[in-house]
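Chain residues, written in single-letter form:
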Amino acid sequence: MLHSWDAGAVRAAEEPLLAAGEPLMARASFALATRVASLLRETRGRAGGSRVVLLVGSGHNGGDALHAGALLARRGVAVSAVLTTERVHAEGLAALRAAHGHVLAVDHDDQAVPDAVAAALATADVVLDGLLGLGGRGGVRGPAARLVAHVAQARPRPVVVAVDLPSGVGVDDGTRNGVVLDADLTVTFGAYKPALLLPPAAAAAGRVELVDIGLAPAGPPAVARLEAHDVAALWPVPAPDAHKYVRGVLGVVTGSARYPGAAVLTVAGAVRAGVGMVRYIGSAGPQVLAAHPEVVVGDGRVQAWVVGSGVAPDDDEQRRRVRDALVHAVGHDEPVVVDAGALDLLPDAVPAHVVLTPHAGELAALLTARGEHVARADVEAAPLAHARRAHDLTGATVLLKGGTTVVAGPHGATYAQADGPSWLATAGAGDVLAGVVGALLAGRAADAVADPTLPAALAAAAALVHGRAAGHANPGGPVTAGDVADALPAVVAGVLRA
Ligand SMILES: NC(=O)C1=CN([C@@H]2O[C@H](COP(=O)(O)OP(=O)(O)OC[C@H]3O[C@@H](n4cnc5c(N)ncnc54)[C@H](O)[C@@H]3O)[C@@H](O)[C@H]2O)[C@H](O)CC1
Ligand SMILES: [K+]
């Protein structure tokens, strides 16, 4: 599992170490310089003779960049530091000067990037972004913002290495504030920060390498990301004496006359993820049976539910069945996945074993219906904040679908899963995901009710398997929702071997 800690927790962890005189910045900058040197060797054959430009802000992040620059300069790299403020880390600047690094400055009042700076950037093999780190508040401003825009537009673009974090991201909430310098590599110190896992900021980080500088953040992580072996530990694997009823029966109230395919796909997700049995309720029975003869059509005892995928707003009969299922599920402590056309039927307050699976537009509508006036773009700009808001307002566990799927549950349980290719953004993929979440809730229904943080972990596990199934179905190319479902058994088997 990848864990990330917010700025407050990282600072709390660093405090006693700094008080004890531990050389944290020396460790960080040494690791940074080592990584940049090996990057230069990979791209240019050797580090000596190459050119590195440091973008330096006022804080310790700039200090890291300056110290790393000094170390690189001593290895024969031509290093130029661009100071974006008069107030930069004094010791780092002295080290760079002593190593014969070149120092340039941008004028606060000058609207343009000075020629000398533009020339250094034009020939740089690597640009080190040391503008803002853990202490960054809001976007990059002033001359630093002009520099970032200049580098972002440069063609060819130099390789960008972010120091600790890409400058301009919201460290704890994963937002992007104005111009952000997209990095190819981020070398981060001591612990992952939430922005390195959360959308949309995480996309700016490129590859992330974590450097151990001796920090041990305490308390629960802010955001986690499951890996295959975590999912293996969560997955309901049948005991040797299992039969279909103990493995979990899933009630599925999805699809409508207008969207029968959604019923077929939700069921496909559930049966291929390994649920014991599916009971389908709705008008798409014939289509479901044609595709999945193992399904039982009609009412009966279930351990968990999936409701709403492909339920058209004008299908009164199916909406009544959804409402009945929701009332039954909440009243009988049965976990339930509430998708698409069922989201507007959600009761005001529900337990955490009710798992909502909206996309950004649906989450905006759900919040707006509860008086928040949120647009889809607001959700996309700050997915975690909105998923958490929806959890706070409803009590439900919220899985927000997107290129990176964010899950927010009780007691701060938060996951960000980025397991699927962009090809997964295809019609019906969400229906399959709802089925996979349902299968996991049915298989671990009693646990999911007893431990309110478990539904979030199960939802994240479903997102991992669903994302990987898309990659497995057709590596590097397009997939249909049906292909994703078909790939599930092999992906689950692979995950269980992890
Ligand atoms: N975590 C650790 O144990 C270690 C961290 N290191 C590095 O230190 C930075 C954090 O340093 P800090 O000085 O606290 O913060 P910043 O470098 O991000 O700079 C803050 C600085 O900038 C000003 N500021 C804030 N927001 C803006 C803005 N939008 N525009 C302009 N200026 C802004 C603010 O007032 C401060 O003066 C961490 O990321 C690591 O890189 C250590 O080197 C190793 C140990
Ligand atoms: K940075």
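Residues numbered from 1 in each chain as written. Chains lettered and ligands numbered in written order. Predicted model: local features only at pLDDT ≥ 70, side-chain atom pairs only at ≥ 80, totals over all residues.

The name that an unreviewed UniProt entry assigns to the chain is Bifunctional NAD(P)H-hydrate repair enzyme, with the source organism given as Cellulomonas phragmiteti. Quoted verbatim from the Subunit (unreviewed entry) heading of the UniProt record, the comment on the chain is "Homotetramer." (UniProt positions renumbered as here; feature names shortened; annotations may be inferred.)

The immediate surroundings of ligand 1 are formed by 29 residues, with Gly59, His60, Asn61, Gly133 and Gly135 found nearest. Considering every element that reaches the shell around ligand 1, the biggest residue donor is helix 3 (residues 60–74), with five residues. Looking at the shell around ligand 1 residue by residue, the class counts come to eleven nonpolar, 13 polar and five charged. (Near = placed C-beta within 6 Å. Helix = DSSP H or I, 4+ residues; strand = E, 2+ residues; numbered from the N terminus. Nonpolar A, V, L, I, M, F, W, Y, C, P; charged D, E, K, R; others polar.)

Residues lying three or four places apart along an α-helix face the same way, a consequence of the helix completing one turn every 3.6 residues. When the terminal C-alpha atoms of helix 15 (residues 429–443) are compared, their 21 Å separation across 15 residues agrees well with the 21 Å that a helix rising 1.5 Å per residue should span. Within helix 15, 15 of the 15 residues are buried, which leaves it mostly tucked inside the rest of the structure. (Expected span 1.5 Å × (residues − 1). Buried ≥ 20, exposed ≤ 12 C-beta atoms within 10 Å, placed from the backbone.)

The strand order across the open sheet built from seven strands is 4-3-2-5-6-7-8, with neighbouring strands paired in parallel fashion. Sheet topology places strand 4 (102–105) and strand 8 (207–211) at the edges, where each strand pairs with a single neighbour. Recorded for the sheet is a direction-independent mean angle of 20 degrees between the axes of neighbouring strands. Bridge analysis of strand 5 (residues 126–130) against strand 6 (residues 159–163) gives four bridges, and the strand direction is parallel. Following the sheet pairing, Asp129 is matched in strand 6 by Ala162. The strands touched by helix 5 (residues 115–122) are strand 2 (51–56), strand 3 (78–83), strand 4 and strand 5; relative to strand 4, the strand with the most contacts, the crossing angle is about 125 degrees. (Pairing = 2+ DSSP bridges. Axes fitted to C-alpha atoms, helices over the stretch in contact; angles between N-to-C directions. Contact = placed C-beta atoms within 7 Å.)

Bringing the domain arrangement of the chain into the picture now. Domain annotation of the chain identifies domain 1 (2–224) and domain 2 (228–496). Just the C-alpha atoms count here: the centres of domain 1 and domain 2 sit 40 Å apart. With eleven residues of domain 1 at the interface, the matching set in domain 2 holds 13 residues. Among the residues making up the side of domain 1 that touches domain 2, the classes are represented as eight nonpolar, two polar and one charged. (Domains from an automatic or database assignment.)

This brings us to the UniProt feature "binding site: K(+)" (unreviewed entry) in the chain. Here, the residues flagged by UniProt with the feature "binding site: K(+)" (unreviewed entry) are Asn61, Asp129 and Ser167. A stretch of 107 residues holds the annotated residues, and the largest C-alpha distance among them is 9.6 Å, short enough that they meet in one place. By the secondary structure assignment, Asn61 is in helix 3. Assignment of secondary structure puts Ser167 in the loop between strand 6 and strand 7 (185–189). Filtering out sequence-adjacent residues up to four positions away, Ser167 remains in contact with Asp129, Leu131, Leu132, Gly136, Val140, Val148, Val180 and Leu181.

Right, let's get into the environment of His60. Secondary-structure assignment places His60 in helix 3. The spacing of His60 and Leu134 is 74 residues in sequence and 8.9 Å in space, taken between C-alpha atoms. Residues contacting His60, with those up to four places away along its chain left out, are Met25, His89 and Gly133.

Before going further, it helps to spend a moment on the environment of Ala149. The topology assignment puts Ala149 in helix 6 (residues 142–153). For Ala149, a count of 15 C-beta atoms within 10 Å gives the class partly exposed. For the pair Ala149 and Ser256, spaced 107 residues apart in sequence, the C-alpha separation works out to 49 Å.

This part is about the nonpolar core. Residues Val36, Leu250, Val437 and Val465 are the most contacted members of the largest nonpolar core, which totals 181 residues. Sort the elements by how many residues they give to this core and helix 17 (residues 454–473) lands first, with 14 residues. In this structure, this core is formed jointly by two domains, domain 1 (2–224) and domain 2 (228–496), each of which donates at least three residues. Here Val36 is in contact with Val52, Ala68, Leu72, Val126, Leu128 and Val161, once residues within four sequence places are set aside. (Core = buried A, V, L, I, M, F, W, Y, C linked by C-beta atoms within 7 Å.)

Let us now look at the confidence of the model for the chain. When pLDDT is averaged across the chain, the result is 96; 100% of the residues are at 70 or more. Taken together, the chains of this predicted complex give a pTM of 0.96 and an interface ipTM of 0.97. (pLDDT = per-residue confidence, 0-100.)

Structurally, the position occupied by Ala70 is in helix 3. Classification of Ala70 as buried rests on a count of 25 C-beta atoms within 10 Å. Taking the C-alpha atoms as reference points, Ala70 and Ala95, separated by 25 residues in sequence, lie 5.8 Å from one another. With near-sequence residues (within four places) excluded, Ala70 lies in contact with Ala95, Leu96, Ala98, Ala99 and Gly101.

Turning next to the pairing of strand 11 (residues 277–280). Walk down a regular strand and you will see the side chains alternate between the two sheet faces. Two strands pair when backbone bridges link them, and strand 10 (residues 249–253) and strand 11 are joined in this way by four bridges, in the parallel orientation. Pairing of Gly251 across the sheet is with Arg279, part of strand 11. In this fold, the crossover linking strand 10 to strand 11 by way of helix 9 (residues 260–273) has right-handed handedness. For strand 11 and strand 12 (residues 296–297), the ladder comprises two bridges, and the chain directions are parallel. Bridge assignment links Tyr280 to a residue of strand 12, and that residue is Val297. Tracing the backbone out of strand 11, into helix 10 (residues 285–291) and back to the parallel element strand 12 gives a crossover that is right-handed. (Right-handed = clockwise from strand over helix to strand, strands pointing away.)

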